[in-house]
Each structure stands twice: as C-alpha cells, then as structure tokens.
Amino acid sequence: MGTVLHIFYGKQEGKIFPIAQEEGNEYRAFFHHPEKGNVGPELTKDALAEEAERLTSAVLDQAAMEMEDVLRRCEDGSTLFPTVRHEIWPRLYPLAERVLFGWHTLENVRSQADLTSLVVHGDQASLPFRDMLAAYCSENGISFTWEGPSRALEERTMRAVLPLLAGARDAVRRGISPMKTPECEVLIFVHTRSHVLSAVPLYRVLREKTRTIVVARNDNGAFELLKKEDVPFLPLDRFTNREDRKKVKRIRNAMRKLRKGGKPDRTPPEEWKGLGPMFGGLISTAEEGLDRKTVPLITPLPTAAGLLSLWERLIKNSGSRALVVFEEHRAVGRTAVMAAKRAGVRTVCVQHGNIIPSPMFKPFISDLILVEGKETAEVLGLLGVESGRIRITGQPRHDDIYRKARDLEGVKKRVTAVLGLGEGKMGRPFILVTPHPFSDRKTLRSWVTAVVDEMERKFPEGTILVRVHPAEREGDYRKWLANTKALVSKRVDTYDAILLCDLVVTFFSTTGFEAALVDKPLLTVNLTGKNSPVPYAEYGIALEATEREQIGEKARKILRDEKTAAALREARERKRKDLFYLFDGRASERCAGIIEGIVKGKT
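*Asks:* Which parts of the structure should I look at to understand unusual backbone geometry?
*Replies:* Trans is the common state for peptide bonds, and a negative phi is the common state for residues other than glycine. The omega torsion across Arg-428 and Pro-429 is 5°, close enough to zero to call that bond cis. Within the secondary structure, Pro-429 is located in the loop between helix H14 (408–419) and strand S15 (430–434). A positive phi is found at Asp-230, a non-glycine position, where the angle reads about 60°. Among the structural elements, Asp-230 can be located in the loop between helix H8 (222–228) and strand S10 (234–235). A positive phi is found at Asp-519, a non-glycine position, where the angle reads about 65°. Looking at where Asp-519 falls in the secondary structure, it is placed in the loop between helix H18 (511–517) and strand S19 (522–525). Accessibility expressed as a relative area gives 34% for Asp-519, which makes it partly exposed.

Written as structure tokens, this is what we have:
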C-alpha cells in the first residue's frame, strides 16, 4: 500500500512539527511555527522566508510578461511592473511561503517513501496555490484531494492573485530551490535578448554532449525569448541571499557619501577589493578609495559586488567546469567571469555584437574568446588580447539566418502575418530601418523621423518597416511616426526582415554586418557630425548619409544605379571573408566542440 501525505495549512495548537512526521503509512506536515522556529529538519524559518522572497520576485517577473491583456490596453508596459510589485507583493509573499513549504514537503516524503496520495487541509488563504500543488501531483502520478473551505476568495483578492498563477505554477514546476543548485559541467549565462539568440543554437548542440544549464537575468525580455525558444533556464536572482543584499547596501551607502562630497565613515567595504579589473583600473585596491570624479564612472559597483558573491556560490555549488558568457565588458558579465576565474573554472566569451578598438571594451579576461571572423580577431589584438586566447569559429546565431535563408517562402509568410499584410499588400522596395538606442531620446527621435520622412518622400510606393530595438519601447516609435505610413514592430523577427527586405538602413547596429552576411544592400545614416562608431562605408559595403538631404538620394542610388549596386556587391563579397568565418550553419558546432574540449580537459 502506498503512502498518504497530509499537509495542514493553519494553526495547530502552536506546536512545531517536523516536515515529515511518519504515522504508519501516513505522513503529516504542518505549516505553523513561531517566529524563529524550524518548520522542518533541513528548512529553517529564515531559509523559507528567503526562498519565498525569491519565488515572489520570480513570479512577479513572470506575471508582468504574461498579463498580455493588460499590456494590450496600455500604450506601453512601463507602469505595469511597479504596480504589480507594490500592490500585489504583500498579498503574494505569505502565499509563496505556503507553496514552498508544500513543495519541500512533497520532495522530502517522496525521497523516503512511495507517495501515492496527497491530502491538503487548507484555509481560505491557501486557495490560490491549490492548483499548483494539484499540478505537481498530476505530473508525478500522485492522487490529490483538497480538504478546504468551499467558498471562494473575495473577488478583489482573486483579481489580484489569479494573473500570477501561471507564473507561479511555472516557477514551482521548475523546482525553485536555492538549496538544490543543479549540478552541471557547463554554465551558459545570458542577460539580453541578443545573448539568447546566440545561446539557443549553442545550447542545443551542447546539451547533447555535456550537462549544460542556462542561467538568465531578465534584461530586455530575455526570459520571454528563452520561453519562446523552449529553452529551460534558471533565473539568476533565485540564488541571491540576505548577505548579498546587505553587501550591495553597504557599498551603495558609501558611494552616496562620496557623491555628496563627504567621506565614508570607515574604510571602504571589503567587497571593493578585487573589483579593479571591472573598471579599467579605476579601482585596483580598496585602499585607494574613490572620489567624486570617479564615482559616476563606476555606478555598477554595488550591483557587481553582490553579483560576485552570488556567482561564486552558484559556480561552487553547481560543480561546473566551464562558464560561457556573451559579453564581459559590462558589469554583469564581467563579475561572472571574475567569479569563475577565482574558482578555477575555465571561461569562454562568445562574441555577440560588434567589437571595435574603443576604450569601452575593457581588457578581456576570459580564457578563450570565440569570434565571428578574422577582422574581429585583429581588433582584439589591438585591445591587448593574446592570439592564443582567440578562436575564429563564426557566430552561433548566424546558424539561424543560414537555416531561414533556405526557406524564403516561410520567411515571407511569417513577416506578413506579424505585420498584418495581406497578399500583394507589401510595396517595393521593402526598406528595413533598424534604430540603435542613443544616449538621449531627442537624438533618437530626430534620427528615426528623418530616415522615415526621407524614405517616404523618395519611395512613396514602397513599404518601410521600423524594427524597434529590444531595449526600446514600441510605443515611443508609434508616437513619433504617427503621421507616416511606416510599419513599427518589435515582434517581427529581425533575421526574417533582413532576408525579405531590399535595403537595410541603420546607424551602427549589428544588423549592418548581418545585411552584408546575406548580401543585402546597406545605407548608414550618421547625422551626429562625428565619425561613425562602425565604419561600414569605409569597408565599402555601404553608402553613408551624413546630412538629412542625402538620405533619400543615396538610398535611390543604391537601389536604382546598377553601377553602385555592383560595386557594393563586390565589396560585400570581399569583406565577408574578413568579417565572417564560414557561413555554413555549423558555427554552433564549432563553438560547442571547443567548450566540450574544455570540459574534457583537452582545450
């Protein structure tokens, strides 16, 4: 006969019970404890509270993405997340404690006995998580019975909690528990949508060869894209603890004093030590301290200090032998690399965007850097990277373009469906505009409106698509371009749009190189009066407009003048040999082979 587990939510005469108290073939577990008492042999009140806080945060992040009906009613979602967090957090937090208690109890009993039935005795506050415990049982072949109040929650509370159920159920199914860091051989870290595009094909190859886990931070909707690509991942914030938060607070307070011109009350926090490599030598040791001039340059310092401890703990507990990142010149990626190096774990940085010989790219400290082509390898040499640390592999995300380029009919169907264009409704030329975030909104607005206005004036019969950058708000572009016919979208796949278009227009976006990769004409528009960050025109693969009046004329020259078009085609063909390695759909395999070699001790 199987084992029955009874979980009681509610006060049980003030007693403290172990998580699994065996009585014959039954286990009884009670969620009641004094403020500092244990709720189980391995789960303290403090540990449960910390885990509940992480789960609550993860659920809210998930809910903010999944409440599509709310987002559709808003011009943009900028006010949604604060509303969700501040109004719903107080209701959700105690409920998170309850479901985590239930999840740990189930796991504990299942490890000790053949659990066949779960009976939950709940109060009305337990109702919102009933479905999640039932889902857990359904997935694991366990009979589920609910012995709770029959009446529903009051309408106001249900409205607040129900939108969170999908995110909470997903979080529980993933087995959220910082006490059980999954063991793996390779950790892949992503924190932007662009990273995800490179990580997905690499992960799919690696998982067949070695135990690989994706750890993600939700910047620019990285979680949303990982889910869309059906890639399992662990949210990085799950692994934070109170000490991390205290550390961040101490450093932030010290920096505030420096900004105001004062001095810290004591020696700079110990956590400052060792962070020098992140900031180009601005801090080499804690003893050097900081002054008002340097503080604005190192604003990521508090976050970096907290992340460093988090990564050291995560790397140690996972037992990984290799860490893969997609950029290390910013604080988030650099701290991961630093933590891995301290732990003796090999590190690999896979190029994900343009790398130029600029001070913004701090010295690369990863053991290996995998790059798109010969030219990037030369740029890294100028930045002081030894040739022995560089491998030319091609770009994993280009494998996706390679695959899509062999199904142009499918590309057309996807683009027209997303844009709502019926058969024959797409005008020619089809012009793709890919803005890149500027330091101020005014400059960005003037750039995109100038490009669209001039293109419409020159090509009234054409279709103009503004593909919004992942870091930008689609609503802003719709306001700016309200008086134009331009299509604005953040959902259309960038690679699909590049493959379908007749001309790509950008300032310095990576889409310029991707246009060259698939032999698409390119126009760069630089209205700043300064040198272009990426010299596409100097490479010969683009024409450049430096004044508004030139935009339409140069676009027409590219599209209508055969001599100009032929010269650009020849330049693209020549430059591709330097910019890219092999456009053969196997870059992910080459990168994975190197990482696998590290795991096996061969590389």
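Now, onward.
*Asks:* I tried to follow H14 on my own but got confused; where do I start?
*Replies:* Side chains of residues three or four places apart in an α-helix project in the same direction, reflecting 3.6 residues per turn. Between its first and last C-alpha atoms H14 spans 16 Å; for 12 residues at 1.5 Å apiece the expected length is 16 Å, and the two agree. Taken residue by residue, H14 has Gly-410, Val-411, Val-415, Thr-416 and Leu-419 as its buried positions. Buried residues in H14 make contact with helix H13 (398–404), strand S16 (463–467), strand S17 (487–489) and helix H17 (494–500). Among the residues trailing H14, Gly-420 stands out with phi positive, at a value near 70°.

*Asks:* Would you mind going over helix H21 (residues 562–579) with me for this structure?
*Replies:* With 18 residues, H21 should reach 26 Å at 1.5 Å per residue; the first-to-last C-alpha distance of 25 Å fits that figure. Looking only at H21, the buried set comprises Thr-564, Ala-565, Leu-568, Ala-571, Arg-572, Lys-575 and Leu-579. Against helix H12 (374–382), H18, helix H19 (536–539), strand S20 (543–545) and helix H20 (548–560) lie the buried residues of H21.

*Asks:* Can you walk me through the sheet that holds S16 in this structure?
*Replies:* Two modes of strand pairing occur in sheets, parallel and antiparallel, and in both the strands are linked by backbone hydrogen bonds. Sheet architecture is open: 6 strands sit in the order S17-S16-S15-S18-S19-S20, paired in parallel fashion. Each edge of the sheet is formed by a strand with only one pairing partner; in this case those strands are S17 and S20. In this sheet, adjacent strand axes meet at a mean angle of 25° when their direction is disregarded. Pairing of S19 with S20, which is carried by 3 bridges, proceeds in the parallel orientation. Its bridge partner being in S20, Thr-524 is matched across the sheet by Glu-544.

*Asks:* Help me understand the packing of helix H10 (residues 301–318) against helix H11 (residues 331–342), please; the structure alone is not making it clear to me.
*Replies:* A pair of packed helices is characterised by two quantities: the angle between their axes and the separation of those axes. Direction vectors running N to C along H10 and H11 enclose 45°, while the axes themselves pass 8 Å from each other. Compared by their axis directions, H10 and H11 come out oblique. Judged by the sense of rotation from one axis to the other, the crossing of H10 with H11 is right-handed. Residues Ala-304, Leu-307, Leu-308, Trp-311, Glu-312 and Ile-315 of H10 pack against Ala-331, Val-332, Thr-335, Ala-336, Met-338, Ala-339, Ala-340 and Arg-342 of H11. Residue classes in the contact of H10 with H11 are distributed as 11 nonpolar, 1 polar and 2 charged.

*Asks:* Explain the nonpolar core here, please?
*Replies:* Nonpolar side chains tend to gather and get buried jointly when the protein is soluble and globular. Core analysis: the largest hydrophobic core is formed by 61 residues, its most contacted members being Met-455, Val-466, Val-505 and Leu-523. Per element, the largest residue contribution to this core is 7 residues, and it comes from helix H15 (residues 441–458). Listed in part, the 34 residues of the second largest apolar core include Val-215, Ile-355, Val-371 and Ala-377.

*Asks:* Looking at this structure, I do not really get the pairing of strand S9 (residues 212–216). What am I missing?
*Replies:* Every other side chain in a regular strand lies on the same face of the sheet, so the side chains alternate between the two faces. With 5 of its 5 residues buried, S9 lies for the most part within the structure. In S9, alternate side chains face the same way, and those of Thr-212, Val-214 and Ala-216 on one face and Ile-213 and Val-215 on the other are all buried. The pairing of strand S8 (residues 186–190) with S9 spans 5 bridges and is classified as parallel. Pairing of Phe-189 across the sheet is with Val-215, part of S9. As for the winding sense of the linkage, the β-α-β connection from S9 through H8 to S10 is right-handed.

*Asks:* Would you mind showing me how to read the sheet that holds strand S13 (residues 368–371) here?
*Replies:* If you trace the 7 strands from one edge of the open sheet to the other, you get S10-S9-S8-S11-S12-S13-S14, paired in parallel fashion. At either end of the open sheet lies a strand with only one pairing partner, and these are S10 and strand S14 (390–392).

*Asks:* What's the story with the pattern of salt bridges in this structure? I'm lost.
*Replies:* By the definition in use, this model includes 31 salt bridges. A salt bridge links Arg-403 to Asp-400; its shortest N-O distance comes to 2.3 Å. Here Asp-400 and Arg-403 lie together in helix H13, a separation of 3 residues that amounts to about one turn. Taking the relative accessible area as the measure of exposure, Arg-403 reaches 53% and is therefore exposed. Judged by relative accessible area, Asp-400 falls into the buried class, the value being 18%.

Conventions used here
Each residue is numbered by its place in its chain's sequence as written, counting from 1. A pLDDT threshold of at least 70 governs which residues receive local features in this predicted model, and a stricter bar of 80 or more applies before side-chain atom pairs are shown or counted, although totals over entire chains, interfaces and linings include all residues. Hydrogens and water are ignored here; the side-chain numbers use all heavy atoms of the structure. Runs of E in the DSSP output that reach at least two residues are strands. Runs of H or I that reach at least four are helices, and both are numbered from the N terminus. Relative accessible area decides the class of each residue, using a 1.4 Å probe on protein chains only: under 20% of the type maximum gives buried, over 50% gives exposed, and in between gives partly exposed. One less than the number of residues in a helix, times 1.5 Å, gives the span that helix is expected to have. We call two residues contacting when some pair of their heavy atoms lies within 4.5 Å. We call two strands paired when DSSP finds no fewer than two bridges between them. Axis definition: a line fit to C-alpha positions, over the contact stretch in the case of helices; interaxial angles, taken between N-to-C directions, run 0 to 180 degrees. An angle below 35 degrees is read as roughly parallel, one above 145 as roughly antiparallel, one from 65 to 115 as roughly perpendicular, and any other as oblique. Throughout, a crossing is termed right-handed when the near helix is turned clockwise from the far one, and left-handed when it is turned anticlockwise from it by less than a right angle. We call Asp, Glu, Lys and Arg charged. Ala, Val, Leu, Ile, Met, Phe, Trp, Tyr, Cys and Pro are nonpolar, and the rest, Gly among them, are polar. Here, nonpolar core means buried Ala, Val, Leu, Ile, Met, Phe, Trp, Tyr and Cys residues that are tied together by side-chain atoms lying within 4.5 Å of each other. If the strands point away from the viewer and the path from the first strand over the helix to the second runs clockwise, then the crossover is right-handed. Each salt bridge in this description consists of a side-chain nitrogen of Lys or Arg and a carboxyl oxygen of Asp or Glu lying within 4 Å of one another.

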